[in-house]
Amino acid sequence: TSDGKIRYETMTETRDGMKEIFGSDLKAFPYSRDFATWEEAGIIEQELIQNLLFAGVVIIVVVFGVIQDVKVSAVTVVSTCMVILETAGILHFWEIRING
């Protein structure tokens, strides 16, 4: 979400500011309980895309390995991709955000 990105950027800017003040031998660092979730919000989108791509490759390999007919395998893969796309569309229109 855009709020998560703003929080993540705020956290990293605060850390960078502390490095500028105290130098590279950072003996002090900013800490907040909220930073744990803010850091997660900064990387969740990248990890989501990466995991979906890996899962897609696994689906393709398994389907083509199990189903020997190429046409049937292709239809199965396309159908599975359409289900994932429809789910993402529903999440978008219901304004459900993927976050930790």
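Just so you know, these numbers come straight off a predicted model, no measurement behind them.

### Quick notes on the overall build of the protein chain
Across its full length, the protein chain holds 3 helices and 0 strands. Listed N to C, the secondary structure of the protein chain is α-α-α in terms of helices and strands. Computed over the C-alpha atoms, the radius of gyration of the protein chain is 21 Å, more than 25% above the 13 Å expected from 2.2 N^0.38 for a compact globule of 100 residues. Its C-alpha atoms give the protein chain principal-axis dimensions of about 65 × 30 × 20 Å. Residues counted as buried form 9% of the 100 residues belonging to the protein chain. A separation of at least 24 residues holds for 46% of the contacts in the protein chain among residues at least 6 apart in sequence. Carbon together with sulfur atoms contributes 63% to the accessible area of the protein chain, which is approximately 8100 Å² in total. Each charge class in the protein chain was averaged separately, 8 positive and 14 negative side chains, and the resulting centres sit 3 Å apart.

### Here's the deal with the environment of Arg97
Note that Arg97 resides in the segment after helix H3 (70–93). Each C-alpha atom of the pair Arg97 and Ile49 lies 14 Å from the other, and the pair is 48 residues apart in sequence.

### Re the side chain of Ser73
Along the polypeptide, Ser73 turns up in helix H3. Since its relative accessible area comes to 0%, Ser73 is described here as buried. Within the structure, Ser73 has its side chain in polar contact with the backbone oxygen of Ile67 (distance 2.8 Å). With residues up to four places along the chain from it excluded, the contact list for Ser73 reads Val63, Phe64 and Ile67.

Calculation criteria
- Residues numbered from 1 in each chain as written.
- Predicted model: local features only at pLDDT ≥ 70, side-chain atom pairs only at ≥ 80, totals over all residues.
- Heavy atoms only, no water.
- Helix = DSSP H or I, 4+ residues; strand = E, 2+ residues; numbered from the N terminus.
- Rg over C-alpha atoms; globule rule 2.2 N^0.38 Å.
- Buried < 20%, exposed > 50% of the residue type's maximum accessible area, 1.4 Å probe, protein only.
- Contact = heavy atoms within 4.5 Å.
- Areas by Shrake-Rupley, 256 points an atom, 1.4 Å probe, with all protein chains shown as cover.
- Lys, Arg positive; Asp, Glu negative; His and termini not counted.
- Charge placed at Lys NZ, Arg CZ, Asp CG, Glu CD.
- Polar contact = N/O pair within 3.5 Å; in protein donor to acceptor, adjacent residues only side chain to side chain.

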